[in-house]
Amino acid sequence: MRLVSFGYFVAKSHCGEKYADRTKFGIDKEKIKKSGTVWAGLKSDKGETGLKRYEKVAGQIRDLIREGVYSAGQRIPGTRDLVQHFSVSVSTVMSAQRLLEREGWVEARSRSGYYVCPRADASRQPDVQKFSPKPILVADQRMVMKLVQTVQEPSITALGAAVPDADYFPRKALQRAFRSALRLHGRRLDQYSFPPGLPELREALIQQMADAGCALSPEQLTITDGCHEALRLALRSVTKAGDVIAVESPTYYGVLQLINALGLQALEIPSDPQKGISLSALQLAMDQWPVKAILIMANFSNPTGATMSDEDKMSLAALCRERDIPLIENDVYGELGYSALRPRALKSFDDEGQVLYCASFSKTVSPGLRVGWVAPGKWLEQANYLKFTSSLATATLPQMALVSYLADSDHKRHLRQLTGQFQIQMEKARQWVQEFFPASTRITHPSGGFVLWVELPINCDSDDLYYKALQCGISIAPGSLFSPSGKYRNCLRLNCAIPQDRLYRAIKQIGAVLAQTDSG
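Within each chain, residue numbers correspond to sequence positions counted from 1 in written order. Where totals are concerned, whole chains, interfaces and linings use all residues; where local detail is concerned, this predicted model gives features only for residues with pLDDT of at least 70, and gives and counts side-chain atom pairs only at 80 or more. As a convention, hydrogens and water are excluded, and side-chain values are obtained from all of the structure's heavy atoms.

Asks: It is not clear to me how the environment of Gln 175 should be interpreted in this structure. Could you clarify?
Replies: In this structure, Gln 175 sits in helix H7 (residues 171–184). Here the alpha-carbon distance between Gln 175 and Tyr 405, two residues 230 residues apart in the chain, equals 9.1 Å. Numbering of helices and strands runs from the N terminus; a helix is a DSSP stretch of H or I covering at least four residues, while a strand is a stretch of E covering at least two.

Asks: What is the right way to look at the nonpolar core in this model?
Replies: A general feature of soluble globular proteins is that nonpolar side chains tend to end up buried together. In this text, buried Ala, Val, Leu, Ile, Met, Phe, Trp, Tyr and Cys residues form a nonpolar core when linked through side-chain atoms within 4.5 Å. For the exposure calls, accessible area comes from a 1.4 Å probe over protein chains only, and a residue counts as buried if that area is under 20% of its type's maximum, exposed if over 50%, partly exposed in between. Counting residues in hydrophobic clusters, the biggest one holds 74 residues, and the most contacted among them are Ile 328, Phe 437 and Ile 510. Among the elements that make up this core, the one with the highest residue count is helix H15 (residues 411–436) (seven residues). Pairs of residues are marked as contacts when any of their non-hydrogen atoms sit within 4.5 Å. With residues up to four places along the chain from it excluded, the contact list for Phe 437 reads Trp 432, Val 454, Leu 456, Ile 507, Ile 510, Gly 511 and Leu 514. If you look at the next biggest cluster of nonpolar residues, it comprises 29 residues, including Leu 201, Met 209, Tyr 405 and Leu 406.

Asks: Teacher, can you tell me more about the pattern of salt bridges here?
Replies: Note that side chains of opposite charge can pair when their charged atoms are close. For this document, the term salt bridge refers to a Lys or Arg side-chain nitrogen within 4 Å of an Asp or Glu carboxyl oxygen. Taken as a whole, this structure holds 17 salt bridges when the rule is applied. One salt bridge connects Lys 487 with Glu 268, and the closest N-O pair in it is separated by 3.0 Å. Of this pair, Lys 487 sits in the loop between strand E15 (477–478) and strand E16 (491–495) while Glu 268 sits in strand E6 (residues 265–272), and the two are 219 residues apart along the sequence. Accessibility expressed as a relative area gives 4% for Glu 268, which makes it buried. With a closest N to O distance of 2.9 Å, Asp 287 and Arg 323 form a salt bridge. Separated by 36 residues along the polypeptide, Asp 287 in helix H11 (residues 279–288) and Arg 323 in helix H12 (residues 310–323) bring together distant segments of the chain. For Arg 323, a relative accessible area of 32% gives the class partly exposed. In this structure, a network of salt bridges that share partners links the residues Asp 225, Glu 229 and Lys 387.

Asks: I'm lost on unusual backbone geometry in this one. Help?
Replies: That bond from Pro 195 to Pro 196 is cis: its omega, 15°, falls within 30 degrees of zero. Relative to the elements of secondary structure, Pro 196 occurs in the loop between H7 and helix H8 (199–211). In this structure, Pro 250 follows Ser 249 across a cis peptide bond, with omega equal to 5°. Structurally, Pro 250 can be placed in the loop between strand E5 (244–249) and helix H10 (253–261). At Asp 324, a residue that is not glycine, the phi angle is positive and equals roughly 55°. Along the chain, Asp 324 turns up in the loop between H12 and strand E9 (327–330). A positive phi angle, close to 55°, is found at Arg 370, a residue other than glycine.

Asks: How should I be thinking about helix H3 (residues 53–66) in this particular structure?
Replies: Because an α-helix completes one turn every 3.6 residues, residues spaced three or four positions apart along the sequence face the same direction. Helix length check: H3 (14 residues) gives 20 Å between terminal C-alpha atoms against 20 Å at 1.5 Å per residue, within 8%. Among the residues of H3, those classed as buried are Val 57, Ala 58, Gly 59, Gln 60, Ile 61, Arg 62, Asp 63, Leu 64 and Ile 65. Residues of H3 that are buried in the fold lie against helix H4 (79–86), helix H5 (90–102), strand E1 (106–109), strand E2 (113–116) and H15. Just past H3, the residue Gly 68 takes up positive phi, approximately 85°. Here the expected span of a helix is defined as 1.5 Å times the quantity of residues minus one.

Asks: I'm lost on the sheet that holds strand E10 (residues 355–360) in this one. Help?
Replies: Each strand in a sheet pairs with its neighbour through backbone hydrogen bonds, running either in the same direction (parallel) or in the opposite one (antiparallel). Across the sheet, which stays open at both edges, the eight strands sit in the order E4-E11-E10-E9-E8-E5-E6-E7 with mixed pairing between neighbours. The open sheet is flanked by strand E4 (222–224) and strand E7 (276–277), the only strands paired with a single partner. Two strands are said to pair when DSSP picks up at least two bridges between them.

Asks: Any chance you could explain helix H9 (residues 226–238) here in plain terms?
Replies: Across its 13 residues, H9 extends 19 Å between first and last C-alpha, which sits within 8% of the 18 Å expected from 1.5 Å per residue. Among all positions in H9, only Gly 226, Cys 227, Glu 229, Ala 230, Leu 231, Leu 233, Ala 234, Leu 235, Ser 237 and Val 238 are buried.

Asks: Just to check I follow, could you spell out the pairing of E9 for this structure?
Replies: With burial as the criterion, each face of E9 is covered, one bearing Leu 327 and Glu 329 and the other bearing Ile 328 and Asn 330. Two elements, strand E8 (residues 291–296) and E9, share three bridges in a ladder whose sense is parallel. Bridging from a neighbouring strand, Leu 295 pairs with Ile 328 of E9. A clockwise course of the path from the first strand over the helix to the second, judged with the strands pointing away from the viewer, identifies a crossover as right-handed. As a crossover connection, the stretch from E8 through H12 into E9 is right-handed. Bridge count for E9 against E10 is four bridges, and the pairing is parallel. Residue pairing for E10: Glu 329 is matched across the bridge by Tyr 357.

Okay, structure coming up:
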């Protein structure tokens, strides 16, 4: 039974005998029991270290809404009751109520209190597509270049490229970091940082890796020009042209571009929008085809936001170890979970160097820095050599600025604020998609990241929608881009990390385009 602060209790000192079968707040004991909660004061086993008290209160009320203890349209307990039973101040409870309202969980009604907002049906997740995996050359992806270029067009609302708005990044802290780097390390900044990269940065990254459950030394890391180069180095280290690479489906279109550029074949493996890649389907495909590597996002996958369980991660790492197949992990979204407890990396289950771990600061600190890293395991020497022959070295100034930023700024506090903002954006976007898109639309419910995967009715064509939305000044990412064979034509991915007013108008406009198409 999970221990939270707000749930079933029978306390005579507070409720008296007449509450023997019901809680203070009028919730059936049996209903609360089914939610797996017990009354225990303001405590939790969910790894909430560093959260403020009002965030803990909001988080535990949020859990009960998720579990159905408070349903849509139902009034949540009033301020006085919450103060008494959480043993916190009125201002703390009011801050928690406002946070829940901003996130779209509750709405305030004049002189009445807070009521649970209607929410997307958890059963309305996008379907898992069933198909027989077969190696294939990646289809034409020229639309990708048009898509990413819209980010630089001020007149376009960019819901297509997974690039957060610049205001989400710690610009002032980075400015201080660059000034510090120039002041303290001016002479060193004029030198190359040959592979494996700046020693101070690799040392600083050890903490990042430890947070993901990985015990590594600085000597096991190579600095790269973003996560994209890390993935390229990983693929080049373990494959040659013509090889078969297993990927989850749908998968990030940047991976498909790399596979195409390197002359590799992609083997699509069906994936669940919540649980990630199907291990049974992967095993069957590996029995049938000569898979030379597996490339996967185990945490908050792009585009679905799926996160594998630790059990599945362990099983996948063991499978690759048994079959001696390299496992390339893209963990660029790993730090963007809404929970205070960061999910473990696949690499944390690897004790033989079979996993090539790739990540960067592009989604958390600044994409413009173009700094990432790879922990290539037993392919370290090969990765360093390929890094040298392909780009010689990653620029020294951004590396040194990141060293200063990580030393002098509260990066974890920034991540808490960032993920809190992303969570609010995602909740709002889901509500608006429900409101403006066709009634049978299905939407993912990620526990991290900032992109939503939307499944439209089967008669909708997201390629066609892409061009119609672009005429309205909005870019979207059509589902076909996330499959080497052009699957998911009735799906699209939405970037929710843009100003909320623009996000609302864009989703409403896309809904209008869909309604016009349906009526036509």
